[in-house]
Every structure is written in C-alpha cells, then in structure tokens.
Amino acid sequence: MSGSRSDSRDNRRSGNGESRRLRYGRLLALSVASAAAFAVLFYLWGHELLPRAAGRWRGTFPFVGAVALTLAVALFLTEWFGFAGREVRKVRLALRDFLFLCSLAFLLFFAAKGVIDLLAETPTLVRSVPPRVYGYLIPLPAFAMTVRILINSETAILFTVAASVLSAAAASGRWSAMLFLLLVGTAGASRSRRVQDRYRMLWVGVQTAPVCAVAAVALELAFYGSGSIFWAAAFGAANGLLSGPIALAVLPVAEYAFGYASDIRLMELGHTGHPLLRRLMVEAPGTFHHSVVVGTLAEAGALAIGANPVLCRVAALYHDVGKLGKAHYFSENQAGALNVHDALSPGLSRTVILSHVKEGTRLGKEHRLGDRIVEIIEQHHGTSVLYCFLDKARPMIRDRKASEEMFRYPGPKPRTREAAIVMLADAAEAAVRSLHQPSPGGVEETVQGIIDRVYLDGQLNECDMTLRDLHAVGRAISQVLAAVSHGRVDYPEAGKGASGKVS
Ligand SMILES: [Fe+2]
Ligand SMILES: [Fe+2]
C-alpha cells in the first residue's frame with residue numbers, strides 16, 4: 001500500500017504507447033486551438049505589443065505574426081502541460097480543466113490589456129502616473145487563487161507561470177511586469193488553502209496585499225527608480241485587496257460553467273435544505289440516517305490523515321442518493337418489514353442494488369453537485385463484491401449460469417484519498433450496524449476486518465493511501481462508531497421507587 005503512490009506513477013509512465021500518443025495528440029490539438037485564439041488578440045494588438053517586428057514585416061505583419069505566435073504558444077502549452085501531466089503527480093488535466101485554464105488566461109489577458117489601456121487613456125487623476133505602473137493592477141492573484149481552490153495547488157503554480165508569461169505581453173512584455181505577476185500569483189495561490197467561506201476568501205486577499213505592495217515597490221525601484229514607487233505600492237496593495245472579491249465573483253461562474261465544486265460550494269451543499277437531501281429524508285429515512293453517520297465517520301477519518309474533511313462529509317451525505325425511488329430494496333429502509341429480496345432472484349436483486357451507483361451519478365450530475373462529489377458517488381463501492389447476494393447465487397455460479405464477476409460493482413475504484421475514506425466509512429457503518437449490541441472491542445475488530453477485506457480486494461490500488469493513513473483512518477472510524485453505536489442503557493421503568501428517577 002505504501003507503494004501505491006509510486007505504483008500509480010509507474011502505471012502512468014508505462015501506459016501503452018497508443019494512449020500516450022492519443023493524449024499528446026489531444027493536448028496538441030487543444031494547444032493549437034487556444035493558441036489560435038491568442039493569435040486573434042495578437043492580430044488586434046500586435047502593432048503595440050511588438051512594434052519592432054511590425055516595422056520589419058510591414059503590411060504582412062499581423063498575418064505572419066499571428067501564425068508565428070500560434071505556433072510558439074501552442075508549443076509552449078503542449079510542452080508545459082504535457083511535461084507536467086506526465087511527471088507531476090496531481091496534474092492530470094482533463095479537457096474541461098484545460099478549457100477552464102485557457103479561458104482564465106484569456107480573461108486575464110483582456111483584463112490586463114483593459115487595465116493598462118483604459119486607465120492610461122482616461123484623463124487621469126494624477127497625470128504623473130506612467131502607464132506601465134497600471135500593470136501592477138493586473139489581477140493574477142485572484143485568478144491563481146481561483147485555480148488553487150477549484151483544481152489544486154500544483155496546477156495553480158503551473159497556471160501562474162504560464163499566465164505570467166502570457167499576460168506580461170499585455171504590459172508590452174516588460175520583465176518587471178512578468179516578475180511581479182509570478183510573485184503575486186504565487187503569493188495569492190499559496191494563501192488560499194482550504195477556503196471554506198467568503199470571509200476567508202476576503203481575508204486571503206488582505207493577506208496577499210502587503211506582498212503585492214512590497215513586490216511592486218521593489219520591482220519599480222529596481223527597474224525604473226523611485227519616481228513612482230508610491231503609486232506602485234498603492235496599486236500593488238489594491239491588487240491584493242481586490243483579489244478576494246474578484247475570486248468570489250469568478251468562482252460561482254466557473255463552478256456553473258465547468259462543473260467544479262469549491263469548498264464554499266461544498267459547505268452550501270452540506271445543508272440539509274438541498275432538494276436531494278430533503279427527498280432522501282422523506283423517501284428513504286434509513287438511507288438518510290446512514291449517510292449522516294457515514295459523513296461523521298468520513299470527516300473524522302479525513303481529519304486523521306490531513307485529507308479534506310468537508311469534501312468527505314458532504315460527499316458521504318450524497319453517496320447513496322441513487323437509492324431514491326427504490327429505497328425499500330435496501331436493508332436500512334426495511335425496518336422490520338419483509339425483505340423484498342426474498343421474493344426476487346439473486347440476478348434481479350443484483351441489478352437493483354448495483355444500479356444505485358449509476359443512478360446516484362446521474363442525479364449528482366443533474367443537480368450539479370460538482371465533479372468531486374459525483375466522482376465519490378461513482379467510486380464509493382469501487383469494484384467490490386456484493387457479498388449478501390453472492391451466497392444466494394452460489395448454485396447459479398456452480399451451474400455456470402452466472403459468475404462471481406457479475407456480482408461486483410462496475411467501479412471505478414476510489415482514485416482519491418477522500419473517495420477511499422468514504423468507501424471505508426460506508427462499509428464499516430453497514431457492518432457495525434448489523435452487530436447486535438456491539439462492544440467497543442467488537443466495533444474495532446469489525447472495522448479492522450472491513451479495512452483488511454477492502455485492502456486485500458485491491459480496492460485501494462488506485463488512490464494515494466499509505467498503510468499509515470489506513471491505520472489512522474481505521475482508528476478514527478472505530479472511535480466514532482464505538483461512541484455512536486454503544487448499547488443504550490435502559491431507562492428504569494416508572495414507579496419502581498427512587499431508582500426510577502431520571503435526572
Ligand atoms: Fe452505496
Ligand atoms: Fe452507503
């Protein structure tokens with residue numbers, strides 16, 4: 001297990017040549033498409049950005065320049081993200097991520113151009129401000145924060161470097177602008193860990209502001225002397241302070257357009273007022289209770305290993321929404337009623353039970369729960385076996401009318417630590433619920449048995465769980481389960497003397 005991280009890297013490296021070529025081809029096509037869009041910008045503003053080249057190429061400049069720039073930017077993007085996708089563990093950019101990053105880079109380029117051009121041409125409050133100083137207002141910190149919050153820190157660093165290079169072009173390719181953008185983008189991204197509410201987002205901006213101000217002053221002094229350092233400091237600080245509100249404005253749009261779910265969105269989804277949770281509460285109260293308990297267990301497990309506790313708790317709340325509509329087929333909703341599976345063939349039971357994963361994934365997408373929750377819904381059973389019906393199906397398997405593989409969930413296996421934690425919490429809760437009056441020792445033994453079974457079945461092969469993580473998660477789940485499922489002390493019956501008083 002401890003080798004799972006290097007295993008997954010090796011697997012990716014040894015992926016067959018065809019899929020690698022396919023991936024590269026797709027990346028190249030995307031790079032060319034996005035670079036062509038940059039070329040349009042270059043066509044419009046090429047004369048200003050590269051006046052020397054414009055003079056040399058005369059009338060053909062915009063066309064030749066646009067083609068040349070398309071090639072250069074496409075090469076840059078392909079090499080940059082191709083290399084990172086291969087070698088940086090957490091950079092696995094899907095088509096959607098690439099489109100999102102290119103859209104942000106575009107927006108940033110327009111914002112940079114707008115800030116510099118518009119402010120420089122507006123009758124300024126203070127005529128002594130040179131146009132280049134407006135470059136310190138380019139809002140890269142806000143965009144880098146957004147990428148860190150919606151994707152991850154590794155991608156945020158890559159985006160900051162690529163966007164600094166591309167948007168420095170809007171500031172006539174000045175070194176000072178590029179260095180400033182690199183520095184403040186990194187500062188913004190590094191401070192936006194676990195942003196779970198709007199106030200925290202604004203606070204990140206406040207924390208970034210002094211870094212932006214100092215960077216602007218230092219670079220202004222180093223490249224242009226002390227003439228405009230006051231304005232550089234003011235614009236740098238304003239850039240930092242505005243990064244929080246700008247990121248807050250960009251986040252919901254990006255979440256809606258690209259299907260991401262930030263921690264802020266997760267917190268909103270965690271309230272039981274969401275229509276899906278309300279339906280679950282009314283139509284499948286047993287599943288709702290099970291999901292709440294799994295959420296508590298998963299949150300404790302995540303806290304024990306430094307995974308994302310909000311994601312674990314909220315994803316666990318929604319992990320079984322696919323049971324809606326067929327709630328009475330699942331044991332937690334039967335509550336003493338007849339077991340409907342007694343009247344069904346194992347094959348039919350299997351079909352109904354397995355379908356809750358697919359149905360949950362569909363409902364998650366339909367209600368725009370965001371990719372992180374949908375992935376966990378999809379992966380929460382991995383490819384594990386449906387043990388309860390396997391025994392019933394043994395005669396069919398013996399007669400070769402069915403196979404054991406048919407009684408496995410379709411997968412995929414958990415690919416993140418959070419998905420693995422939800423899987424373990426789910427299985428542990430179900431197993432402990434079936435115990436009659438469990439003791440703390442019995443709970444611990446049952447949870448350990450579940451973890452061993454999941455691990456030995458290879459369900460954790462595709463996520464980055466170490467053995468140490470697994471033990472810590474098991475301990476945390478056992479502790480919470482022992483606390484919530486201990487036998488309740490019976491209240492003495494009324495009228496049996498002094499001992500009957502309830503305090
Ligand atoms: Fe499930
Ligand atoms: Fe479940």
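For the structure itself, consult the block above.
Residues numbered from 1 in each chain as written. Chains lettered and ligands numbered in written order. Predicted model: local features only at pLDDT ≥ 70, side-chain atom pairs only at ≥ 80, totals over all residues.

Asker: For this particular structure, what's the right way to read the overall build of the protein chain?
Answerer: Per the secondary structure count, the protein chain includes 21 helices and 0 strands. Taking all 503 residues of the protein chain together, 41% fall into the buried category. (Helix = DSSP H or I, 4+ residues; strand = E, 2+ residues; numbered from the N terminus. Buried ≥ 20, exposed ≤ 12 C-beta atoms within 10 Å, placed from the backbone.)

Asker: Explanation requested: unusual backbone geometry in the structure shown.
Answerer: A negative phi angle is the norm for most residues apart from glycine, just as the trans form is the norm for most peptide bonds. Note that the residue after glycine 411, namely proline 412, is joined by a cis bond; omega there is 5°. One can find proline 412 in the loop between helix 18 (394-398) and helix 19 (417-433). Even without being a glycine, arginine 368 presents a positive backbone phi close to 50°. Within the secondary structure, arginine 368 is located in the loop between helix 15 (346-366) and helix 16 (371-379). Under the C-beta neighbour-count criterion, arginine 368 is labelled partly exposed, with 14 such atoms within 10 Å.

Asker: I would appreciate a short explanation of the environment of arginine 408 in the present structure.
Answerer: Among the secondary structure elements, arginine 408 is positioned in the loop between helix 18 and helix 19. The class of arginine 408 is partly exposed, set by 18 C-beta atoms lying within 10 Å. For the pair arginine 408 and valine 385, spaced 23 residues apart in sequence, the C-alpha separation works out to 4.3 Å.

Asker: Would you explain the packing of helix 7 (residues 153-168) against helix 8 (residues 175-190) in this entry?
Answerer: Angle between the axes and distance between the axes are the two parameters that describe a pair of packed helices. Running from N to C, helix 7 and helix 8 cross one another at 155°; their axes reach a closest spacing of 9 Å. Between helix 7 and helix 8, the angle falls in the class roughly antiparallel. Taken as a pair, helix 7 and helix 8 cross one another with a handedness that is right-handed. For the pair formed by helix 7 and helix 8, the contact residues are Ser153, Ala156, Ile157, Thr160, Val161, Ala163, Ser164, Val165, Ser167 and Ala168 on the first element and Ala177, Met178, Leu181, Leu182, Gly185, Thr186 and Ala189 on the second. Taken together, the residues that form the contact of helix 7 with helix 8 break down as 11 nonpolar, 6 polar and no charged. (Axes fitted to C-alpha atoms, helices over the stretch in contact; angles between N-to-C directions. Parallel < 35°, antiparallel > 145°, perpendicular 65-115°, else oblique. Left-handed = near helix turned anticlockwise from the far one by under 90°. Contact = placed C-beta atoms within 7 Å. Nonpolar A, V, L, I, M, F, W, Y, C, P; charged D, E, K, R; others polar.)

Asker: Please explain helix 10 (residues 229-258) as it appears in this structure.
Answerer: Since there are 3.6 residues in each turn of an α-helix, residues three or four apart along the chain are aligned in direction. The largest bend in helix 10 amounts to roughly 35° and is located at serine 243, with the proline proline 245 lying one to four residues further along. Among the residues of helix 10, those classed as buried are Ala232, Ala233, Phe235, Gly236, Ala237, Asn239, Gly240, Ser243, Gly244, Ala247, Val250 and Leu251. Elements that come into contact with the buried residues of helix 10 comprise helix 6 (140-150), helix 8, helix 9 (198-224) and helix 11 (263-269). After helix 10 finishes, the residue glycine 259 shows a positive phi value of roughly 75°. (Bend = angle between axes of the 7 residues up to and from the residue.)

Asker: Can you help me understand the nonpolar core in this one?
Answerer: Among soluble globular proteins, nonpolar side chains are generally buried collectively. In terms of nonpolar packing, the biggest core is built from 112 residues, with Ala216, Val422, Leu424 and Ile477 touching the most fellow members. There are two domains that each give this core at least three residues, and those are domain 2 (92-259) and domain 3 (264-484). The residues touching isoleucine 477, leaving out its near neighbours within four places in the chain, are Leu297, Ala300, Gly301, Leu424, Ala425, Ala428 and Val447. (Core = buried A, V, L, I, M, F, W, Y, C linked by C-beta atoms within 7 Å. Domains from an automatic or database assignment.)

Asker: Help me out: how do you make sense of helix 6 in this one?
Answerer: Of all 11 residues in helix 6, 11 are buried; the element is thus mostly enclosed. Three or more residues of helix 6 are buried, namely Leu140, Pro141, Ala142, Phe143, Ala144, Met145, Thr146, Val147, Arg148, Ile149 and Leu150.

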